[in-house]
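Chain by chain, the residues:
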Amino acid sequence: MIRIINFIILISIFSGCTQRPEESVNVNTNSKITEVDLMNHIKYLADDKRAGRYPGTVGSKEAVDYIVDHFRDYGLSPAGSNGYLQNFDFITGINLGEKNNFTVDEERYQVNTDFIPLEFSANQKLKADIVFAGYGFAIDDSIKWNDYNNIKAEGKWVIILRGGPGGDHPHSEFVGHLPLRKKALLARDQKAAGIIFVNQAGDDELIALKHSPNSTAVGIPVIHISRNLADKILSGKLEDLQNAMDEKLAPQSFGVEKQISAEVDLAKETVSVPNVIGLIPGSDTVLKDEYIVIGAHFDHLGFGGEGTGSLTPDTNAIHNGADDNASGTAGVLELAETLSANRSILKRSVVLMAYNAEEEGLLGSKYFVNNPTIDLSNISIMINMDMIGRMSDGKVTVGGTGTSPNFESILNEENKDHGLNLKMSQEGYGPSDHASFYVNDIPVLFFFTGTHNDYHKPSDDWQLINVAGEKQIVELIYDVVVRFGRMDNRPTFTEAGPKEARQTRRSFKVTFGVIPSYGSNAEGLEIDGAKKDGPAGKAGLQKGDIIISIDGKPVKNIYDYMYRLAELKPGRAVDIIIKRGEEELTIKVNL
C-alpha cells in the first residue's frame, strides 16, 4: 500500500530549496497502486495481440488507445498537440522510386537485376568517368595499404570490391576496414562523386534494399552492381584483379576508359505515430506553471528480425517486451491514477508521458523536447521508468542522481519507508528517454532494475515480471513526486557526465558472456551474472563477482573492461582476477 502521507515541516530539503511549514494534507486512500492493476496493464500491453507494439502497427495503435482511455478515465487533461496525442513522422521502410537507372557508354541496365542503390545513397544523378579502387582501403597502420595512392578519384565513379583479402572473415586483419559505410566515407574523403560496390568471386547476389533505423545518406550516390556488369566495365579483368590483390596483398588501382551515367531515386516510407501526453494541474497559483514530467516508452520490437535490435535476429517471433517497456508504461498509468486522485496536495503540475519509437533512437522523447507542448524551461525534473519489472534482491538502479545536488539524500530519505536497495549512478546521460531531457539541462532520475537474459528476445513476457517488486518501485516514485511537487523551489540542475553517448564501441573478437551491473559503485566491473555456456560462466564466474584485472592489466570500470576486451584474441586462455566478497581469486578464462 501507499503510505498515508501527512506532510509535516520539511526543512532544508536542499540548499536554497527549503519548505515552508504546511498544514497536514489529506490523501485519497481509495486510489492506490496495486499489483493487480500493474499486472493487468502489463498483460494487455505485452499480449500477443499487440504483436510487439512496433511503431505504426495495429498493436501499437491499440496500445495508444489503451493509454489514452486510461488517462481520460483518470481525469488527466490532454497535453499533446492533438488532444492527448503528439504525432511525429516515423520511417518504416525504403523503396525504389521511378527514376533509378544505370548506363555504361550508352548501354542501359536493369534495376534489381544488374544494379541496386544502397540505403545510405543520396538521391542524385551523375555522369562521370570511372576509377577502380580495389578494396577501397586507406590504411596507414601496420598493414600499410592505400588503394587511392596512384589514382585520382576526385569527381569520378569509384568501383570498390566488398570485403578484403580472404573475404569477410571475422578474424581477418582487415576486419575493421570492411564495413561498406566506412569504405564509402573514405571514397567521399577522396572527393569521389559516386561509389559502386561489387561482390567478391562466388557471390553475385545484390544487396537487398532494406531500411535500417537511424541510417543516413552519405551525400553521394552509392550503387551495388552485379559481378557480370562489373566485369563488362573492367573489360573482363575483375577476377584477375581480385586474385592479384589477394596474392600480392597490394593495390591494383587504375583508371577506366569508360563513363557511367546513373540516377538514384529512393523514397522512404513514413507513418505518423504519437506520443501520449496527459496533465495533472498543480494547485498553487504560481507553482502550477512548473512541471514534473513522468515518462516511459511503450514501443517495442514487433516481430524482431535483423536490424531491429533483437538479440535473436534470426528468429521471426513476437517480441512482447513485458519488461521493456510494458513495465514502465504500467508504472506511468498507475502513477497517473494515484496522483490524479490526490492532485490537491500537488503544488506543481505533473505531466505523464508515454513515448513512441524509443527503440529506434529515443525518437519520441527527442521529438517532444524539440517540439514541446509545455514550456521546456519550466520542467523542474524528469523521471523516467524503463525496465522496472525484474527487480531482484530489492535492487534498483537510479540514474541521474548527480543532476541536482540533493537528489541522493532525498531518495534515501523517501526510501526509508520502502527499504529498497538503491544503486545510484550520478551520470545524467543514458540509453533511454531521460537522456533527451538531460541534454536540455533538465534534472533527471532514471529507474531501472537491470538487464537480463530475456532482454530484446521473444522470452521477455509477463510471466517473468516481479510485480511485487515493481509495486515497491512505483510507490517510491509516487512519494518522490509528491515531495518534488510540494517544494517551494525547484531542483537546481547540475551537469553530471557527458551529454552524448560515450564512444565505447569496439571491434570485439571475443566475449566473456557476462552481464554488467550498471550503476554499481564497485571499483572494477561488477557483474549481475554470467551466461552458463559463455567463457566466464564456464570458468565459474558468479553474480556479484567484480572483475579487477584481465590478462595482467587492471580494470577499474566498464570502460576499462571494454578496452581490455578489444585487445584479446580468440583461442587464448587469459587470467582474470576477481573480487568475491573479501577474497581475491585468479581464474583462467578460455576465449
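Read on for an overview of the structure.

Within the chain one finds 12 helices and 25 strands. Its C-alpha atoms give the chain a radius of gyration of 28 Å, within 12% of the compact-globule value 25 Å for 591 residues. Judged by the C-alpha coordinates and their principal axes, the chain covers about 90 × 60 × 45 Å. Buried residues in the chain amount to 53% of all 591 residues. Counting only carbon and sulfur atoms, one obtains 45% of the accessible surface of the chain, whose full area is about 25,400 Å². Taking the average location of the 60 positive side-chain charges in the chain and that of its 81 negative ones, the two points are 3 Å from each other.

Residues F407, I410, L411, E414 and N415 constitute the buried set of helix α8 (residues 407–415). Each buried residue of α8 sits inside an arc of 130 degrees when the element is viewed along its axis, so together they form one side. Buried-residue contacts for α8 involve β16 (379–385), β17 (395–399), β18 (421–425), β19 (444–448) and α10 (467–486).

What follows concerns helix α1 (residues 35–45). If you check which residues of α1 are buried, you get L38, M39, H41, I42 and L45. With its buried residues spanning 155 degrees around the axis, α1 presents them on a single face. Residues of α1 that are buried in the fold lie against α2 (58–73), α6 (322–341) and α10.

Running from amino to carboxyl end, α2 crosses α6 at an angle of 15 degrees, the nearest separation of the two axes being 9 Å. Here α2 is positioned roughly parallel relative to α6, judged by the angle of their axes. In the crossing of α2 with α6, the sense of the turn from one axis to the other is left-handed. Seen from α2, the contacting residues are Y66, I67, H70 and F71; seen from α6, they are T329, V332, L333 and A336. Its residues placed into classes, the contact of α2 with α6 shows six nonpolar, two polar and no charged.

A few words now on the packing of α1 against α10. Angle between the axes and distance between the axes are the two parameters that describe a pair of packed helices. The N-to-C vectors of α1 and α10 enclose an angle of 110 degrees; their axes lie 9 Å apart at closest approach. In terms of orientation, α1 and α10 fall into the roughly perpendicular class. Of the residues in α10, those touching α1 at E35, L38, M39 and I42 are V467, A468, E470, K471 and V474. When grouped by side-chain class, the residues that make up the contact of α1 with α10 number six nonpolar, no polar and three charged.

Looking now at the pattern of salt bridges. Per the stated rule, a full pass over the model turns up 12 salt bridges. Across the salt bridge formed by D488 and K347, the nearest N and O atoms sit 3.3 Å from each other. Of this pair, D488 sits in the loop between α10 and β20 (514–516) while K347 sits in the loop between α6 and β15 (349–355), placing them 141 residues apart in sequence. Between R390 and D454 there is a salt bridge, and its shortest N-O distance comes to 2.9 Å. One end of the pair, R390, is in the loop between β16 and β17; the other, D454, is in the loop between β19 and α10, with 64 residues separating them in the sequence. When its relative accessible area of 14% is taken as the criterion, D454 is described as buried. The network of salt bridges with common partners includes E413, E414 and R483.

Okay, the nonpolar core next. Among the nonpolar cores identified, the biggest contains 61 residues, and F71, I294, L339, L445 and F447 are the most heavily contacted of them. Setting aside its immediate chain neighbours within four residues, L445 contacts I381, M382, I383, N384, V398, G399, G400, T401, F407, L411, V480 and F484. By size, the runner-up hydrophobic cluster in this structure holds 37 residues, among which are L161, L178, I225 and A230.

As for its placement among the helices and strands, N320 is situated in the loop between β14 (291–297) and α6. Polar contacts involving the side chain of N320 include one to the side chain of D48, which spans 2.8 Å. Contact partners of N320, with chain neighbours within four places excluded, come to L45, A46, D47, D48, G52, R53, H300, D460 and D461.

With that settled, the discussion passes to the pairing of β18. Covered by surrounding structure in β18 are L422 and M424 only, the residues N421, K423 and S425 on the alternate face being uncovered. Note: β17 against β18, five bridges, orientation parallel. Looking at the pairing, T397 lines up with K423 of β18. Read as a crossover between parallel neighbours, the route from β17 over α8 to β18 is right-handed.

Attention shifts here to the environment of A341. Within the secondary structure, A341 is located in helix α6. The class of A341 is partly exposed, set by a relative accessible area of 32%. Along the primary structure A341 and V264 are separated by 77 residues, whereas in three dimensions their C-alpha atoms are 57 Å apart.

All right, on to the environment of G202 then. Positionally, G202 belongs in the loop between β10 (194–198) and β11 (222–225). Given the relative accessible area of 87%, G202 is considered exposed.

Most of β15 sits inside the fold, with seven of its seven residues counted as buried. Judged by which residues are buried, β15 turns out to be covered on both faces: S349, V351, M353 and Y355 on one side and V350, L352 and A354 on the other are all buried. Taken together, β14, α6 and β15 constitute a β-α-β crossover, and its handedness is right-handed.

The next point concerns the side chain of S404. Inspection of the secondary structure assignment puts S404 in the loop between β17 and α8. A polar atom in the side chain of S404 sits 2.6 Å from the backbone oxygen of T492. Ignoring anything within four residues of it in the chain, the contact list for S404 reads P443, P491, T492 and T494.

Before going further, it helps to examine the packing of aromatic side chains. Each pair of aromatic rings is reported with the distance of its centres and the angle of its planes. Per the stated rule, a full pass over the model turns up 17 aromatic pairs. With centroids separated by 5.7 Å and ring planes inclined at 45 degrees, the aromatic side chains of F132 and F254 adopt a geometry described as tilted. Placement of F132 in strand β6 (residues 125–132) and of F254 in strand β12 (residues 254–263) is noted, with a sequence separation of 122 residues between them. Look at F254 and you get partly exposed, because its relative accessible area is 23%. These aromatic residues form a ring-pair network of at least three members: Y135, F137, W145 and F174. Over the face of the ring belonging to W462 we find K43, whose NZ or CZ atom lies 4.2 Å from the ring centre.

Cut-offs used in this document
Going along each chain's sequence as written, the residues are numbered from 1 onward. Totals for whole chains, interfaces and linings use all residues, but because this is a predicted model, local features are given only for residues with pLDDT of at least 70 and pairs of side-chain atoms are given and counted only at 80 or more. Side-chain measures here rest on the full set of heavy atoms in the structure, leaving out hydrogens and waters. A run of H or I in DSSP becomes a helix once it reaches four residues, and a run of E becomes a strand once it reaches two; helices and strands are each numbered from the N terminus. Based on C-alpha atoms, the radius of gyration is set beside the globule rule, defined as 2.2 Å times the residue count to the power 0.38. The buried label applies to any residue whose accessible area, calculated with a 1.4 Å probe on protein chains only, is under 20% of its type's maximum; exposed applies above 50%, and partly exposed to all values in between. In short, Shrake-Rupley with a 1.4 Å probe defines the accessible areas, and a residue's cover is counted only from the protein chains shown. We count Lys and Arg on the positive side and Asp and Glu on the negative side, and we leave His and both chain ends out. We put the charge of a Lys on NZ, of an Arg on CZ, of an Asp on CG and of a Glu on CD. For this quantity, the arc is that covered by the directions from the helix axis to the C-beta atoms. Working rule for contacts: check all heavy atoms of both residues, and any pair within 4.5 Å makes them a contact. The angle between two axes is taken between their N-to-C directions and runs from 0 to 180 degrees, where each axis is a line fitted to C-alpha atoms and a helix contributes only its stretch in contact. Throughout this description, any angle smaller than 35 degrees is read as roughly parallel, any larger than 145 degrees as roughly antiparallel, any in the 65 to 115 degree range as roughly perpendicular, and the remainder as oblique. We call a crossing left-handed when the near helix sits turned anticlockwise from the far one by less than a right angle, and right-handed when that turn is clockwise. Residue polarity follows a fixed list, in which Ala, Val, Leu, Ile, Met, Phe, Trp, Tyr, Cys and Pro are nonpolar, Asp, Glu, Lys and Arg are charged, and the others, Gly among them, are polar. A pair is scored as a salt bridge if a Lys or Arg side-chain nitrogen falls within 4 Å of a carboxyl oxygen belonging to Asp or Glu. As used here, the term nonpolar core means buried Ala, Val, Leu, Ile, Met, Phe, Trp, Tyr and Cys residues forming a set that is joined through side-chain atoms within 4.5 Å. Two N or O atoms form a polar contact when they lie within 3.5 Å of each other; inside protein one atom must be a possible hydrogen donor and the other a possible acceptor, and for residues adjacent in sequence the pair counts only when both atoms belong to side chains. In short, DSSP must find at least two bridges between two strands for them to pair. Seen with its strands pointing away from the viewer, a crossover is right-handed if its path from the first strand over the helix to the second goes clockwise. A pair of aromatic rings is counted whenever rings of Phe, Tyr or Trp (Trp by its six-membered ring) have centres within 6.5 Å, and the orientation is called stacked for planes under 30 degrees apart, edge-to-face for over 60 and tilted otherwise. Ring-over charges, as used throughout, are those where CZ of Arg or NZ of Lys falls within 6 Å of the ring centre and within 35 degrees of the ring normal.

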